[in-house]
Every structure is written in structure tokens, then in C-alpha cells.
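So you can see what is in the structure, the chains are spelled out below.
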Amino acid sequence: MKRLRYVMIGGFLGAGKTTTVARLARRYRDQGLRVGIVTNDQAFGLVDTLSLRAQGFDVGEVTGACFCCKFNDLIDTVRELSSEERPDVILAEPVGSCTDLAATVLEPLRHFYSDEVELAPLAVVLKPEHGAKILDGAGDVGFSPKAAYIFLKQLEEADVVAVNKIDKLAPSETSRLVELIRNRFPGKTVLAYSARTGERFEELAAAIDRAETPRTRTPEMDYDVYAEGEAELGWLNCTVNLRAARDDRPFELDRVAIEFVERLAQACNRNGVEPAHVKVMGATSDAAAVANWVCSTTPAELSLSSAASTESASLTVNARAAVAPETLTELVRQVAAELAATHALEHDVVDMQSFRPGRPMPTHRMALGQG
């Protein structure tokens, strides 16, 4: 039986992994391949899963911890996706604050499942908004060196480093980022593309489609620093249900989705809170809108438009920021109330989960070439 191809797309929170995965999935589907997607989060109620399913993809979830800590759940999820019609390709998107994936996911897959799974090169999507500052080592990044440690370790273990969002960068900025990566991590495949527009995307797809070169070494990892870097981030998932006070007063789904994120961005900036990623999906039974905010120095944006008007909708909120989760909870509740009051809406906040990620405890760790 032909082996299933396992493609993992890593990268920091807000790098554009989900948009990349969706574009890659469409490309494979257009080639006649069957595609399954596995998303991953520390909590439940993931915007990425909802938005990918809304685009017609077969999506499974691993929730409650990273792939590395829930390796058996990852295997079970892949098998569930294969239960009816076996995929040719699995696209896996790990938590954006996770690293050490080569030693804790790819090597165990190779060791235990080499007869079932063919591994693609590990691609890591670089987030330019924070990447340039971290790689330069100059200026206020907004995160502590321990969180930046995770960002750099993701690049160190990558086979392919892909600088995303070139549609928003000047050519000189793109060239500078590529140069910084090549100087710091020589020997890697480094390229630049736009997941949103598709510009130069085929270069990334071609790099991922190559056969993986088995590693002789995985990066050394200080799990104390790693754990403290993750724990710096407040993590929040919740749902905000909105209803028009009168049936003859529908509201625009796109407007409330982007305004929620804009208001939260303003509240974070007032309180000196650096976001890693804020993502909100507004949904009705037949429409969806997605808005994002990824850095204190960039505006919020509507990444998926619905053009829908409705009397009721739910907003799925995923927010990760360098702040205590209690503060993040307070800001989200405040913004939900302000948004509802502005648009004469009734609202309630449900399924609130807010916490700091716990220490990573991998199911397996198969480090290579370390002293």
C-alpha cells in the first residue's frame, strides 16, 4: 500500500500557517489528491478548524496540548481521517508556540510508522512582523528573550524556512529577512512568498514536495527556557454570541468581526500588551468572516469576508498575547460589551478558557546528534 505523505507546516503564532495550509490543500486537491488536515491547539474552540471546514476541507483536531505532548492523539486523528477514504496527504499545523517538532513528532513518526508514513521536509513559516526584530536582535520585540527563544528554535529545526507576507513587504525588507536567516542558519532552504495572494507560492510547494533528507541532528533544547517562554503568553478561547435587539435591525457580520478585533487591539495597545495572534471568526449557519491581528505595530485586518447581514451570529475568539490570562479575559469581556452596546446587540460570552500553557511533556523525544 502506498504510504501517506505527512506534511507539517510550523511557525510562530500569526505567521500565516493556516492560510498556507489552505492554499497547499487546494493545490493538492486540484491535482486529484485526497487531503486531510490536522489542526492543533492548547484549548478547545479553534478558529483554524472552523475556517478550514468552512472552506470544505476534511479537518481533524488535536486539542489540549501540542502534537508533541499528544502524539498518540495525533496518530488517532490521522487514522480517523483515513477511516472512510484514505487521504494521500495529511497537512498538520502544530501550535504556533511549539518547537522541537523534529525530535518529538517527525523522528517518532519515522521510527514507529515508517511503513505507513512518508515525511515531507519540515517547513516553518516565518512571521515578518516579529521576525525582523528577533533576528536583528535590536529594538523592542514585545516578547521576552524566552519567547524569542521558541521563535528561533523553530527556524533552527526547519528544513525549509518560508518568509510569508511578501505582499506587505518592500522588496528590500524581504531581501533583508532572507539574508538574516541565511546568515544565522546557513545551509537551509530559504524562500519568500505570499500565502494570501499566491505570489511565489509554487516555490514553497516545490520545496515541500521534495523528498525529505533524513536528519543527522536535531537542535538541542532547553525545556526550562522553552516552558517559561510559552508560559509568558496568556491564552484565551471563547465564544461571543450576538443577537440583534430587534428582528428588523440586522448587522453586518464582517463589520462586527473586524471591529471586535480592532477594539481589542486598541485595548491591548493602551495597556502595553503585545499580541502573538488574535483571530476571530464570525459565523452564521451559512456565512463566515475571519479577522486577525498579529502585531502591535500593524493594523487588524479582515482576512475572510462574508458580505452577510444577519440578526444573530457567534464570534469564536482565539487570543494569544504577552499578558496574564486574567487581564486578557477582562479585556475580551470589556470589548464584547462595548461592541454590543455600540451596535444595539444583546450578547453573552460562553465557553471561556484562559490560562498560561503548561510545561511541554513530549510523549517521545528522539534527539539526534546531541552530545
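A few points on the structure.

The rules behind these values
Residues numbered from 1 in each chain as written. Predicted model: local features only at pLDDT ≥ 70, side-chain atom pairs only at ≥ 80, totals over all residues. Heavy atoms only, no water. Helix = DSSP H or I, 4+ residues; strand = E, 2+ residues; numbered from the N terminus. Rg over C-alpha atoms; globule rule 2.2 N^0.38 Å. Buried < 20%, exposed > 50% of the residue type's maximum accessible area, 1.4 Å probe, protein only. Contact = heavy atoms within 4.5 Å. Areas by Shrake-Rupley, 256 points an atom, 1.4 Å probe, with all protein chains shown as cover. Lys, Arg positive; Asp, Glu negative; His and termini not counted. Charge placed at Lys NZ, Arg CZ, Asp CG, Glu CD. Phe/Tyr/Trp six-rings, centres within 6.5 Å; stacked < 30°, edge-to-face > 60°. Lys NZ or Arg CZ within 6 Å of the ring centre and 35° of its normal. Pairing = 2+ DSSP bridges. Axes fitted to C-alpha atoms, helices over the stretch in contact; angles between N-to-C directions. Left-handed = near helix turned anticlockwise from the far one by under 90°. Nonpolar A, V, L, I, M, F, W, Y, C, P; charged D, E, K, R; others polar.

Within the protein one finds 11 helices and 16 strands. Here the C-alpha atoms of the protein give a radius of gyration of 20 Å, agreeing with the 21 Å that 2.2 N^0.38 yields for 371 residues. Overall, the protein is about 65 × 50 × 40 Å in size when its C-alpha atoms are taken along their principal axes. Counting over 371 residues, the protein shows a buried share of 57%. Contacts in the protein between residues at least 24 apart in sequence constitute 80% of all its contacts with a sequence separation of at least 6. Accessible surface computed for the protein: about 14,900 Å², of which carbon and sulfur atoms make up 47%. A gap of 3 Å separates the mean positions of the 41 positive and 53 negative side-chain charges of the protein.

Applying the stated rule across the entire model yields 6 aromatic pairs. Each ring, one from Phe-12 and one from Phe-143, has its centre 5.8 Å from the other, and the planes form 70 degrees; the classification is edge-to-face. Separated by 131 residues along the polypeptide, Phe-12 in the loop between strand 1 (4-11) and helix 1 (17-30) and Phe-143 in the loop between helix 5 (128-136) and helix 6 (145-157) bring together distant segments of the chain. Given the relative accessible area of 2%, Phe-12 is considered buried. A centroid spacing of 6.0 Å and a plane angle of 55 degrees characterise the contact between Tyr-193 and Phe-201, whose relative ring orientation is tilted. Like Tyr-193, the residue Phe-201 is buried in the burial classification. A connected cluster of aromatic rings, assembled from ring pairs, spans Phe-12, Phe-143 and Phe-151. Between the NZ or CZ atom of Arg-23 and the centre of the ring of Phe-201, over which it lies, the distance is 5.9 Å.

In this section: the sheet that holds strand 15 (residues 312-321). Here 6 strands make up an open sheet; going across it, the order is 13-12-11-15-9-16 and the pairing antiparallel. Strands at the two margins of the open sheet, each flanked by one partner only, are strand 13 (301-304) and strand 16 (345-355). Between one strand axis and the next, the sheet turns by 20 degrees as a mean value, whatever way the strands run. On top of the sheet, helix 11 (residues 325-342) reaches strand 9 (234-244), strand 15 and strand 16; it is set at about 170 degrees to strand 16, its chief contact.

Moving on: the packing of helix 3 (residues 71-81) against helix 4 (residues 101-113). Taken N-terminus to C-terminus, the directions of helix 3 and helix 4 make an angle of 65 degrees; their axes are 11 Å apart at the nearest point. As helix 3 runs across helix 4, the sense of the crossing is right-handed. Within the contact between the two elements, helix 3 uses Phe-71, Leu-74, Ile-75 and Arg-79 and helix 4 uses Thr-104, Val-105, Pro-108, Leu-109 and Tyr-113. Looking at the contact of helix 3 with helix 4 residue by residue, the classes come out as 7 nonpolar, 1 polar and 1 charged.

These figures come from the coordinates and say nothing about function on their own.
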